[in-house]
Amino acid sequence: MKTAESLREGLRQLPIRPVYLISTADQERSNIITIGMFAFFSGNPSLVGIGVKPSRYSYDLIRNSGEYVVNVVNERLMSAVRTCGENSGRDFDKFKKAQLTPVKGDKVSAPYIKESPMSIECKVVQTMETGDHVWFIGEVQTVHKDEAYDWTQGLLFKWIKDQGFYFKVGERMGAY
Ligand SMILES: Cc1cc2nc3c(=O)[nH]c(=O)nc-3n(C[C@H](O)[C@H](O)[C@H](O)COP(=O)(O)O)c2cc1C
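First, a word on scope: everything that follows refers to the structure included in this document. (Residues numbered from 1 in each chain as written. Predicted model: local features only at pLDDT ≥ 70, side-chain atom pairs only at ≥ 80, totals over all residues. Heavy atoms only, no water.)

1. Some points on the sheet that holds strand 12 (residues 163-168)
Point 1. Overall, antiparallel pairing links the 3 strands, which are arranged 1-11-12 in an open sheet. Since the sheet does not close on itself, it has two edges, and those belong to strand 1 (17-18) and strand 12, each with one partner.
Point 2. Alignment of strand 1 against strand 11 (residues 155-160), held across 2 bridges, turns out to be antiparallel. The residue bridging Arg-17 from the neighbouring strand is Phe-157, located in strand 11. (Pairing = 2+ DSSP bridges. Helix = DSSP H or I, 4+ residues; strand = E, 2+ residues; numbered from the N terminus.)

Written out as structure tokens, the structure reads:
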């Protein structure tokens, strides 16, 4: 039997989702933010999107530059995911603090993260104000991938009661 659940608790029961590091830059500054709000918006053209709160330091950088890079994370980047998700770039340089190396993008000025196994350069083609987050829809420009990359390395994030936890990808179930 289903019972009524508060909206907040109910939505926190949704299945687990991946987490990414988004690197950004404008004329003067660069930054990295941990993001759970990521979605595919179109196959052709290739559009993805990230939801960013306007209060984030990263928000202005994406607004100003119209660019961002989605960096896939793995176990080795666990502590960087925490550093970039629990601190603001207003307080320090997150590339230095998280010991990550910025590499100039091929098609965008925003740097990608050398230590990430896969990085996706995006140019913002649409901005949607959806509530407390703004969705930056980005057209994929290029994808950089390590030869040894395997998608099962990606990290997942889940709220359980009032605490957030990171997970690795689990078992395969069935076939299409
Ligand atoms: C697992 C995780 C997922 C997050 N997802 C988002 C998100 O989707 N959108 C967002 O605006 N902030 C998200 N945050 C919060 C930002 O990462 C955090 O506020 C960060 O300190 C902002 O950095 P900035 O001020 O340098 O941009 C998330 C944090 C964590 C730990």
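This is not the end of the story, as more comes after the structure.
2. A word on the nonpolar core
Point 1. With 19 residues, the main nonpolar core has Ile-22, Ile-50, Val-52, Tyr-68, Val-70 and Phe-136 as its most contacted residues.
Point 2. Those elements that place two or more of their residues in this core are strand 2 (20-25), strand 3 (30-35), strand 5 (47-52), helix 2 (57-65), strand 6 (67-72), strand 9 (118-129) and strand 10 (134-145).
Point 3. Judged by nonpolar contacts, the second largest core, of 15 residues, contains Ile-32, Cys-84, Ala-98 and Ile-113. (Core = buried A, V, L, I, M, F, W, Y, C linked by side-chain atoms within 4.5 Å. Buried < 20%, exposed > 50% of the residue type's maximum accessible area, 1.4 Å probe, protein only.)

3. Regarding the environment of Val-70
Point 1. Of note, Val-70 is situated in strand 6.
Point 2. Among the residues examined, Val-70 registers a relative accessible area of 1% and is labelled buried.
Point 3. Between the C-alpha atom of Val-70 and that of Thr-24, which follows or precedes it by 46 residues, the distance is 9.3 Å.
Point 4. Beyond its immediate stretch of four places on either side in the chain, Val-70 contacts Tyr-20, Leu-21, Ile-22, Phe-38, Met-118, Ser-119, Ile-120 and Cys-122. (Contact = heavy atoms within 4.5 Å.)

4. Quick word on the sheet that holds strand 4 (residues 38-42)
Point 1. Taken together, the 7 strands give an open sheet; going across it, the order is 3-2-6-9-10-5-4, and neighbouring strands pair in antiparallel fashion. A single partner strand is all that each edge strand has here, and the edge strands are strand 3 and strand 4. Strand-to-strand twist of the sheet, defined as the mean angle between neighbouring strand axes without regard to direction, takes the value 35°.
Point 2. Bridge count for strand 4 against strand 5 is 4 bridges, and the pairing is antiparallel. Bridged to Ser-42 within strand 5 is Leu-47.
Point 3. Of the strands in this sheet, strand 2 and strand 3 touch helix 3 (residues 78-86), which is tilted by about 100° from strand 3. (Axes fitted to C-alpha atoms, helices over the stretch in contact; angles between N-to-C directions.)

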